[in-house]
Amino acid sequence: MAMNEIATRPNKAVYRDGKYCYKVFAVGYNKSDIFNEALNQARVEETGLFIPSIHEVKRLDDGRLAIVMDYVEGKSLAALIEENPNKRTEYMERFIDIQLSMHKLTAPELNKQRDKFSRKIDLSGLGEASRYELHMRLDGMKKHNKLCHGDFNPSNVIITNDDRACVIDWSHATIGNASADTARTYLLFKLAGDDETAENYMAMFCKKSGTDLRYVQNWLPIVAASQMVKGKPQEREMLTKWTDVCQYD
(Lines give C-alpha, C1' and ligand atoms only; values in the text may rest on other atoms or scores of the structure.)
Protein backbone atom coordinates (compact mmCIF):
# COMPACT_ATOMS: atom_id res chain seq x y z
CA MET A 1 0.00 0.00 0.00
CA ALA A 2 1.70 3.20 -1.21
CA MET A 3 0.04 5.44 1.36
CA ASN A 4 1.31 7.34 4.39
CA GLU A 5 0.34 5.87 7.75
CA ILE A 6 -0.90 8.60 10.09
CA ALA A 7 -2.26 6.55 13.00
CA THR A 8 -2.28 2.97 14.20
CA ARG A 9 -4.44 1.11 16.71
CA PRO A 10 -4.88 -2.57 17.58
CA ASN A 11 -6.50 -4.25 14.55
CA LYS A 12 -6.71 -1.04 12.50
CA ALA A 13 -4.62 1.73 10.97
CA VAL A 14 -5.30 5.05 9.26
CA TYR A 15 -3.56 6.12 6.04
CA ARG A 16 -3.54 9.21 3.89
CA ASP A 17 -3.68 9.03 0.12
CA GLY A 18 -3.80 12.58 -1.22
CA LYS A 19 -7.20 14.07 -0.40
CA TYR A 20 -8.51 10.76 0.94
CA CYS A 21 -8.17 9.01 4.28
CA TYR A 22 -8.32 5.19 4.54
CA LYS A 23 -9.29 3.57 7.84
CA VAL A 24 -8.04 0.03 7.27
CA PHE A 25 -9.12 -2.92 9.41
CA ALA A 26 -7.17 -6.12 10.06
CA VAL A 27 -8.13 -9.30 8.20
CA GLY A 28 -10.81 -11.06 10.24
CA TYR A 29 -12.15 -7.87 11.80
CA ASN A 30 -15.90 -8.18 12.28
CA LYS A 31 -17.38 -7.13 8.92
CA SER A 32 -20.68 -5.99 10.43
CA ASP A 33 -18.80 -3.62 12.78
CA ILE A 34 -16.98 -2.04 9.84
CA PHE A 35 -20.16 -1.47 7.86
CA ASN A 36 -21.97 -0.23 10.98
CA GLU A 37 -19.23 2.35 11.57
CA ALA A 38 -19.51 3.53 7.97
CA LEU A 39 -23.29 3.74 8.30
CA ASN A 40 -22.97 5.68 11.57
CA GLN A 41 -20.66 8.17 9.92
CA ALA A 42 -22.96 8.61 6.93
CA ARG A 43 -25.92 9.25 9.22
CA VAL A 44 -24.01 11.76 11.33
CA GLU A 45 -22.80 13.49 8.17
CA GLU A 46 -26.45 14.09 7.27
CA THR A 47 -26.91 16.19 10.44
CA GLY A 48 -24.67 18.88 8.97
CA LEU A 49 -22.01 18.50 11.67
CA PHE A 50 -18.51 18.99 10.28
CA ILE A 51 -17.05 15.50 10.00
CA PRO A 52 -15.04 13.76 7.27
CA SER A 53 -17.30 13.03 4.31
CA ILE A 54 -17.49 9.28 3.69
CA HIS A 55 -17.11 7.84 0.18
CA GLU A 56 -17.12 4.05 0.30
CA VAL A 57 -16.17 0.82 2.00
CA LYS A 58 -13.79 -1.12 -0.21
CA ARG A 59 -11.70 -4.28 -0.11
CA LEU A 60 -8.01 -3.65 -0.67
CA ASP A 61 -5.71 -5.89 -2.72
CA ASP A 62 -4.40 -7.57 0.44
CA GLY A 63 -7.94 -8.54 1.49
CA ARG A 64 -8.44 -5.96 4.21
CA LEU A 65 -11.54 -3.76 4.31
CA ALA A 66 -11.21 0.02 4.45
CA ILE A 67 -13.55 2.93 5.04
CA VAL A 68 -12.63 5.70 2.59
CA MET A 69 -13.37 9.30 3.56
CA ASP A 70 -12.05 12.81 3.07
CA TYR A 71 -8.71 13.63 4.63
CA VAL A 72 -9.02 16.62 6.98
CA GLU A 73 -5.83 18.65 7.36
CA GLY A 74 -5.08 19.83 10.89
CA LYS A 75 -4.01 18.78 14.38
CA SER A 76 -5.95 16.98 17.08
CA LEU A 77 -6.91 18.87 20.21
CA ALA A 78 -4.84 16.30 22.13
CA ALA A 79 -1.75 17.30 20.15
CA LEU A 80 -2.47 21.01 20.58
CA ILE A 81 -2.87 20.62 24.34
CA GLU A 82 0.43 18.73 24.53
CA GLU A 83 2.21 21.39 22.45
CA ASN A 84 0.64 24.33 24.33
CA PRO A 85 0.11 23.30 27.98
CA ASN A 86 -0.44 26.95 28.96
CA LYS A 87 -3.57 26.91 26.80
CA ARG A 88 -5.05 23.74 28.31
CA THR A 89 -8.04 25.53 29.88
CA GLU A 90 -8.78 27.39 26.64
CA TYR A 91 -8.64 24.17 24.65
CA MET A 92 -10.82 22.31 27.16
CA GLU A 93 -13.40 25.09 26.96
CA ARG A 94 -13.50 24.64 23.21
CA PHE A 95 -13.63 20.85 23.54
CA ILE A 96 -16.76 21.15 25.69
CA ASP A 97 -18.35 23.73 23.37
CA ILE A 98 -17.91 21.28 20.49
CA GLN A 99 -19.54 18.51 22.51
CA LEU A 100 -22.46 20.76 23.47
CA SER A 101 -23.02 21.74 19.82
CA MET A 102 -23.09 18.04 18.92
CA HIS A 103 -25.64 17.31 21.65
CA LYS A 104 -28.02 19.85 20.11
CA LEU A 105 -28.37 17.57 17.09
CA THR A 106 -30.14 14.28 16.54
CA ALA A 107 -29.88 11.48 14.00
CA PRO A 108 -33.01 9.34 14.47
CA GLU A 109 -31.75 6.35 12.49
CA LEU A 110 -28.69 5.80 14.67
CA ASN A 111 -28.75 2.98 17.22
CA LYS A 112 -30.30 3.87 20.56
CA GLN A 113 -27.82 4.46 23.38
CA ARG A 114 -30.14 2.79 25.89
CA ASP A 115 -30.26 -0.45 23.88
CA LYS A 116 -26.48 -0.48 23.54
CA PHE A 117 -25.95 0.00 27.26
CA SER A 118 -28.46 -2.74 28.06
CA ARG A 119 -26.62 -5.23 25.85
CA LYS A 120 -23.27 -4.30 27.32
CA ILE A 121 -24.47 -4.61 30.90
CA ASP A 122 -25.46 -8.20 30.05
CA LEU A 123 -21.98 -8.83 28.58
CA SER A 124 -20.04 -7.09 31.37
CA GLY A 125 -19.21 -10.23 33.32
CA LEU A 126 -20.67 -8.73 36.49
CA GLY A 127 -22.75 -10.80 38.88
CA GLU A 128 -26.49 -11.18 38.45
CA ALA A 129 -27.35 -8.79 41.31
CA SER A 130 -25.06 -6.06 39.94
CA ARG A 131 -26.47 -6.44 36.45
CA TYR A 132 -30.02 -6.21 37.81
CA GLU A 133 -29.19 -2.98 39.70
CA LEU A 134 -27.59 -1.48 36.59
CA HIS A 135 -30.57 -2.39 34.41
CA MET A 136 -32.91 -0.82 36.96
CA ARG A 137 -30.82 2.34 37.01
CA LEU A 138 -30.75 2.50 33.21
CA ASP A 139 -34.53 2.05 33.04
CA GLY A 140 -34.98 4.99 35.41
CA MET A 141 -32.84 7.45 33.46
CA LYS A 142 -34.43 10.13 31.29
CA LYS A 143 -34.97 9.20 27.66
CA HIS A 144 -33.42 11.65 25.20
CA ASN A 145 -32.61 11.54 21.48
CA LYS A 146 -29.45 13.64 21.33
CA LEU A 147 -26.47 12.86 19.12
CA CYS A 148 -23.86 11.16 21.30
CA HIS A 149 -20.36 10.34 20.10
CA GLY A 150 -19.61 7.56 22.58
CA ASP A 151 -15.82 8.06 22.49
CA PHE A 152 -15.48 11.83 22.69
CA ASN A 153 -11.93 12.73 23.68
CA PRO A 154 -9.40 15.34 22.47
CA SER A 155 -7.78 12.85 20.07
CA ASN A 156 -11.05 12.66 18.14
CA VAL A 157 -11.31 16.40 17.47
CA ILE A 158 -9.25 17.84 14.61
CA ILE A 159 -8.69 21.60 14.48
CA THR A 160 -8.17 22.46 10.83
CA ASN A 161 -5.71 24.94 9.40
CA ASP A 162 -8.55 27.48 9.14
CA ASP A 163 -9.53 26.84 12.80
CA ARG A 164 -12.63 24.72 12.24
CA ALA A 165 -13.40 21.77 14.51
CA CYS A 166 -13.89 18.40 12.82
CA VAL A 167 -15.05 15.42 14.91
CA ILE A 168 -13.80 11.98 13.82
CA ASP A 169 -14.26 8.29 14.72
CA TRP A 170 -18.00 7.62 14.89
CA SER A 171 -17.91 3.87 15.52
CA HIS A 172 -19.69 4.25 18.89
CA ALA A 173 -22.26 6.87 17.89
CA THR A 174 -25.81 6.60 19.22
CA ILE A 175 -28.77 8.80 20.03
CA GLY A 176 -29.55 9.14 23.70
CA ASN A 177 -28.80 11.09 26.85
CA ALA A 178 -26.06 13.72 26.61
CA SER A 179 -25.11 13.24 30.27
CA ALA A 180 -24.24 9.62 29.55
CA ASP A 181 -21.91 10.83 26.79
CA THR A 182 -20.38 13.25 29.29
CA ALA A 183 -19.91 10.50 31.88
CA ARG A 184 -18.22 8.43 29.20
CA THR A 185 -15.72 11.20 28.40
CA TYR A 186 -15.03 11.69 32.10
CA LEU A 187 -14.37 7.96 32.47
CA LEU A 188 -11.95 8.01 29.51
CA PHE A 189 -9.86 10.70 31.21
CA LYS A 190 -9.90 8.70 34.46
CA LEU A 191 -8.84 5.48 32.73
CA ALA A 192 -5.97 7.36 31.10
CA GLY A 193 -4.80 8.37 34.58
CA ASP A 194 -5.54 12.04 34.02
CA ASP A 195 -7.62 12.67 37.14
CA GLU A 196 -7.09 16.43 37.13
CA THR A 197 -8.39 16.83 33.58
CA ALA A 198 -11.29 14.49 34.35
CA GLU A 199 -12.46 16.58 37.30
CA ASN A 200 -11.92 19.90 35.51
CA TYR A 201 -13.79 18.63 32.47
CA MET A 202 -16.76 17.48 34.54
CA ALA A 203 -16.97 20.76 36.44
CA MET A 204 -16.66 22.86 33.28
CA PHE A 205 -19.23 20.79 31.39
CA CYS A 206 -21.80 21.00 34.16
CA LYS A 207 -21.31 24.76 34.49
CA LYS A 208 -21.54 25.42 30.74
CA SER A 209 -24.54 23.15 30.19
CA GLY A 210 -26.39 23.91 33.42
CA THR A 211 -26.40 20.20 34.27
CA ASP A 212 -26.42 18.99 37.87
CA LEU A 213 -23.20 17.12 38.70
CA ARG A 214 -25.09 14.36 40.47
CA TYR A 215 -27.12 13.67 37.36
CA VAL A 216 -23.99 13.02 35.29
CA GLN A 217 -22.48 10.95 38.11
CA ASN A 218 -25.56 8.73 38.11
CA TRP A 219 -24.51 7.51 34.66
CA LEU A 220 -21.03 6.43 35.76
CA PRO A 221 -21.90 2.87 36.87
CA ILE A 222 -23.64 2.28 33.52
CA VAL A 223 -20.82 3.60 31.35
CA ALA A 224 -18.26 1.72 33.46
CA ALA A 225 -20.13 -1.55 32.91
CA SER A 226 -20.24 -0.79 29.19
CA GLN A 227 -16.46 -0.29 29.14
CA MET A 228 -15.92 -3.68 30.79
CA VAL A 229 -16.96 -5.41 27.57
CA LYS A 230 -13.62 -4.37 26.03
CA GLY A 231 -12.04 -6.94 28.35
CA LYS A 232 -8.94 -4.96 29.33
CA PRO A 233 -7.53 -6.63 32.49
CA GLN A 234 -5.71 -3.45 33.56
CA GLU A 235 -9.05 -1.62 33.73
CA ARG A 236 -11.14 -4.28 35.41
CA GLU A 237 -10.51 -3.38 39.06
CA MET A 238 -11.17 0.34 38.58
CA LEU A 239 -14.27 -0.27 36.48
CA THR A 240 -15.68 -2.74 39.00
CA LYS A 241 -15.52 0.00 41.65
CA TRP A 242 -17.25 2.45 39.30
CA THR A 243 -20.12 0.01 38.72
CA ASP A 244 -21.13 0.16 42.39
CA VAL A 245 -24.59 1.71 42.08
CA CYS A 246 -24.95 2.34 45.82
CA GLN A 247 -22.15 4.93 46.01
CA TYR A 248 -24.10 7.21 43.64
CA ASP A 249 -27.44 6.99 45.44
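Residues numbered from 1 in each chain as written. Predicted model: local features only at pLDDT ≥ 70, side-chain atom pairs only at ≥ 80, totals over all residues. Heavy atoms only, no water.

Enquirer: For this particular structure, what's the right way to read helix 6 (residues 178–191)?
Expert: Structurally, the α-helix is built with 3.6 residues per turn, so residues lying three or four positions apart point the same way. A rise of 1.5 Å per residue sets the reference length of helix 6, with its 14 residues, at 20 Å; its end C-alpha atoms lie 20 Å apart and thus fit the reference within 8%. Burial runs high along helix 6: 13 of the 14 residues are buried. By the N-cap criterion, in which a side-chain oxygen at the helix start approaches the backbone nitrogen of a residue two or three places on, helix 6 is capped by Asn177, the distance to Ser179 being 2.9 Å. Positive backbone phi, at 80°, marks Gly193, one or two positions downstream of helix 6. (Helix = DSSP H or I, 4+ residues; strand = E, 2+ residues; numbered from the N terminus. Expected span 1.5 Å × (residues − 1). Buried < 20%, exposed > 50% of the residue type's maximum accessible area, 1.4 Å probe, protein only. Polar contact = N/O pair within 3.5 Å; in protein donor to acceptor, adjacent residues only side chain to side chain.)

Enquirer: What am I meant to see in the sheet that holds strand 8 (residues 157–160) here?
Expert: Overall, antiparallel pairing links the three strands, which are arranged 6-8-9 in an open sheet. Of all strands in the sheet, those bounded by a partner on one side alone are strand 6 (74–76) and strand 9 (165–167). Here the average twist between neighbouring strands, direction ignored, is 30°. Bridge count for strand 6 against strand 8 is three bridges, and the pairing is antiparallel. The residue of strand 8 that forms the bridge with Lys75 is Ile159. (Pairing = 2+ DSSP bridges. Axes fitted to C-alpha atoms, helices over the stretch in contact; angles between N-to-C directions.)

Enquirer: Is there a simple way to think about the nonpolar core in this case?
Expert: Within soluble globular proteins, side chains that are nonpolar generally end up buried alongside one another. Membership of the largest hydrophobic core comes to 51 residues, with the highest contact counts inside it found for Val44, Leu77, Phe95, Trp170, Tyr201 and Trp219. With residues up to four places along the chain from it excluded, the contact list for Tyr201 reads Met92, Phe95, Ile96, Gln99, Thr182, Thr185, Tyr186 and Phe189. Counting residues in hydrophobic clusters, the runner-up holds nine residues, among them Val14, Ala38, Ile54 and Ile67. (Core = buried A, V, L, I, M, F, W, Y, C linked by side-chain atoms within 4.5 Å. Contact = heavy atoms within 4.5 Å.)

Enquirer: How should I be thinking about the pairing of strand 1 (residues 4–9) in this particular structure?
Expert: Regular strands have side chains that alternate between both faces of the sheet. Taken together, the five bridges between strand 1 and strand 2 (residues 12–17) define a ladder with antiparallel strand orientation. The partner of Asn4 across the bridge, within strand 2, is Arg16. The hairpin turn running from strand 1 into strand 2, its antiparallel successor, is two residues long, and Asn11 in that turn takes a positive phi close to 70°.

Enquirer: Honestly, the side chain of His135 in this entry has me stumped. Any pointers?
Expert: Inspection of the secondary structure assignment puts His135 in helix 5 (residues 128–140). In terms of polar contacts, His135 uses its side chain to reach the side chain of Asp122, at 2.7 Å.

Enquirer: Would you mind showing me how to read the pattern of salt bridges here?
Expert: Opposite charge on two side chains makes pairing possible when the charged atoms of those side chains draw close. Here the structure, examined in full by the defined rule, presents twelve salt bridges. A salt bridge links Asp97 to Lys208; the nearest nitrogen and oxygen atoms lie 3.0 Å apart. In this pair, Asp97 sits in helix 3 (residues 88–103) while Lys208 sits in helix 7 (residues 195–209), placing the two residues 111 residues apart along the sequence. Within the structure, one salt-bridge network assembled from shared partners comprises Lys23, Glu37 and Asp169. (Salt bridge = Lys/Arg side-chain N within 4 Å of Asp/Glu carboxyl O.)

Enquirer: Can you walk me through the sheet that holds strand 1 in this structure?
Expert: Pairing between the strands of a sheet comes from backbone hydrogen bonds, and it takes one of two forms, parallel or antiparallel. Overall, antiparallel pairing links the five strands, which are arranged 1-2-3-5-4 in an open sheet. Strands with a single pairing partner mark the edges of an open sheet, and in this sheet they are strand 1 and strand 4 (54–59). For this sheet the average axis-to-axis angle between neighbouring strands, irrespective of direction, equals 20°. Alignment of strand 3 (residues 20–25) against strand 5 (residues 65–70), held across five bridges, turns out to be antiparallel. Paired with Tyr20 across the bridge in strand 5 is Asp70.

Enquirer: Explain helix 5 here, please?
Expert: Compared with an ideal rise of 1.5 Å per residue, which puts 13 residues at 18 Å, helix 5 spans 19 Å between its outermost C-alpha atoms and is within 8% of the ideal. Every buried residue of helix 5 is accounted for by Leu134, His135, Arg137 and Leu138. Projected down its long axis, helix 5 shows its buried positions confined to an angular sector of 160°, all on one face. The exposed residues of helix 5 that point more than 90 degrees off its buried face are Glu128, Ala129, Asp139 and Gly140. Buried positions along helix 5 lie against helix 4 (113–122) and helix 9 (220–228). (Arc of directions from axis to C-beta.)

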